[in-house]
Amino acid sequence: DLKCAIKVELKGGFEYYQLPLGIKTELPKWYKAEVKPRSSTFKHYSILQTNSPGEIEANYCEEWLFPCISVLSGNYISSGERICQMQIKLREDAPWYMKILDLFTKIELKYVDEEEIKGSRKGFGSTGIN
């Protein structure tokens, strides 16, 4: 499970948010991460992920964000609340030898503090843009 890194007051009315997850990492080549809402995310916070599942590519090394829209007003998400989950996978187009190496690969994530996050918001949603 991934946690929201900051406290957020949700305004509702289908307002768009990019909630920081407090993770900043670069995945190994041929890997991707899929980010999906938890089964209780909408029930507890009335938010919907806008690109579900979200895919984080191997070359993305900025802070991970959870893009969502808020449906109802008056909700809060506290820092540390579990709002989504992720799975790191070998990409489908990986060569055959990577499928063997994947059996022995260990991937570690680094949680970052709020000071490291500041100023690292560029890059989200910029695939294919120079």
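Residues numbered from 1 in each chain as written. Predicted model: local features only at pLDDT ≥ 70, side-chain atom pairs only at ≥ 80, totals over all residues. Heavy atoms only, no water.

1. A word on the pairing of strand 6 (residues 54-57)
Stage number 1. Burial of the side chains of strand 6 is restricted to one face: G54 and I56 are buried, whereas none of E55 and E57 on the reverse face is.
Stage number 2. Across four bridges, strand 4 (residues 31-37) lies against strand 6 in antiparallel orientation. Bridge assignment links V35 to a residue of strand 6, and that residue is G54. (Buried < 20%, exposed > 50% of the residue type's maximum accessible area, 1.4 Å probe, protein only. Helix = DSSP H or I, 4+ residues; strand = E, 2+ residues; numbered from the N terminus. Pairing = 2+ DSSP bridges.)

2. With respect to the sheet that holds strand 4
Stage number 1. Spatially, 1-9-4-6 is the arrangement adopted by the four strands of the open sheet, whose pairing is antiparallel. Two strands close off the open sheet at either side, each with one partner strand: strand 1 (2-3) and strand 6.

3. Considerations on the confidence of the model for the protein
Stage number 1. For the protein, mean pLDDT is 83; residues scoring 70 or higher make up 83% of the total.
Stage number 2. By mean pLDDT, helix 3 (residues 114-117) is the weakest element of the protein at 56, and strand 5 (residues 47-49) is the strongest at 94. (pLDDT = per-residue confidence, 0-100.)

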